[in-house]
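Architecture and fold: a report
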Amino acid sequence: MTRIAVNGAAGRMGQTVIETAADRDDLAAVVGFDVETGEVDGVPVVAEDVADALAEYDVDVVVDFSVPASTLPLAAACVEADAGLVVGTTGFDEDGMEDLVAASTSIPLLKATNFSRGIQVLQRTVREAVRALDGYDLELMESHHNGKVDAPSGTAKTLLEVVQSERDVEPVYGREGHAPRAEDEIGVFARRAGDIRGEHELILAGNDEVVSLSHHAEDRAVFAAGALDAAAWLAGRDAGQYDFGEVVDGA
């Protein structure tokens, strides 16, 4: 059985990961990390000495849904404790990404902007659609809960990268005033409201038709289940960078 720790255990996603893990037979959440100590669904939460806790609880893989400032020292602790790391945190700057790459030379590390299997399918469908509908106008929209701090979302950025891998377009983040549309642009829009779990949509418009490709998450458990699938898959693998698409494909 894979023994996991959860970083950001008291947050929305961290709590959902711990609750979801309780229903699985292939892994167990044994400890959590957050700024305050306590318990989440019976799992002890500690605030300091992360590397020591990883060793004490014999953790195989850490699942991280927190903030970059917490993830980066966590990665160093995972290296010290020889534990794998699944990163669902977004919003890293260039230096932060370099630190994660450096950690992956010592431990198995899987970073994804979204752990939904449906989003993986959406990414692949977007690639095919952009390739097939060359010249159609492109607009990308995403919606999340009112507590999400990074915009556009990591998933939207990933979808944008997929689009740009097929077509040379420049993102325009919202429009205001006199803003005629250029042929080589893609509009990118972020909405934040209520408790929206996550919505992403790409529209392709041209030739008197509109194609809409979208994904709506109905519950955070979708992302928690995917992250736990990734943790179980990552346990015991060689050091290196891995992708959630490999988990979905069963590679």
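Parameters at a glance
Residues numbered from 1 in each chain as written. Predicted model: local features only at pLDDT ≥ 70, side-chain atom pairs only at ≥ 80, totals over all residues. Heavy atoms only, no water. UniProt positions renumbered as here; feature names shortened; annotations may be inferred. Axes fitted to C-alpha atoms, helices over the stretch in contact; angles between N-to-C directions. Helix = DSSP H or I, 4+ residues; strand = E, 2+ residues; numbered from the N terminus. Parallel < 35°, antiparallel > 145°, perpendicular 65-115°, else oblique. Left-handed = near helix turned anticlockwise from the far one by under 90°. Contact = heavy atoms within 4.5 Å. Nonpolar A, V, L, I, M, F, W, Y, C, P; charged D, E, K, R; others polar. Pairing = 2+ DSSP bridges.

The protein chain carries the name 4-hydroxy-tetrahydrodipicolinate reductase in an unreviewed UniProt entry, which gives Haloarcula onubensis as its organism. What the UniProt record of the protein chain gives under Sequence similarities (unreviewed entry) is the line "Belongs to the DapB family." For the protein chain, the Pathway (unreviewed entry) comment in UniProt is given as "Amino-acid biosynthesis; L-lysine biosynthesis via DAP pathway; (S)-tetrahydrodipicolinate from L-aspartate: step 4/4."

Axis separation between helix α5 (residues 117-132) and helix α6 (residues 154-166) bottoms out at 9 Å; the angle between their running directions is 30°. Considered as vectors, α5 and α6 are oriented roughly parallel to each other. Remark: the crossing between α5 and α6 carries right-handed chirality. For the pair α5 and α6, the contacting residues are Ile-119, Leu-122, Gln-123, Val-126, Arg-127, Val-130 and Arg-131 in the first and Thr-155, Thr-158, Leu-159, Val-162, Val-163, Ser-165 and Glu-166 in the second. Residues belonging to the contact of α5 with α6 are distributed by class as follows: seven nonpolar, four polar and three charged.

Pairing is mixed across the open sheet formed by eight strands, whose spatial order is β3-β4-β2-β1-β5-β6-β7-β13. Each edge of the open sheet is held by one strand with a lone partner, namely β3 (38-40) and β13 (240-242). Taken over all neighbouring pairs, the strand axes of this sheet differ in orientation by 25° on average, direction set aside. Examined bridge by bridge, strand β6 (residues 84-87) and strand β7 (residues 108-111) share three bridges and lie parallel to one another. Looking across to β7, one finds that Val-86 is bridged to Leu-110. The sheet contacts of helix α3 (residues 68-81) involve β1 (2-7), β2 (27-33), β5 (61-64) and β6, and relative to β6 the element is tilted by about 160°.

Note the cis peptide between Ala-151 and Pro-152, where omega equals -5°. One non-glycine residue with positive phi stands out, namely Asp-41, at about 55°. With respect to the helices and strands, the residue Asp-41 is situated in the loop between β3 and β4 (43-46). The backbone of Asp-82 sits at a positive phi, close to 60°, despite the residue not being glycine. Looking at the element boundaries, Asp-82 is found in the loop between α3 and β6.

Those places that UniProt annotates as "domain: Dihydrodipicolinate reductase C-terminal" (unreviewed entry) correspond, in this numbering, to residues 118-247. Between the C-alpha atoms that bound residues 118-247 the distance is 13 Å, and the span itself is 35% helix and 30% strand.

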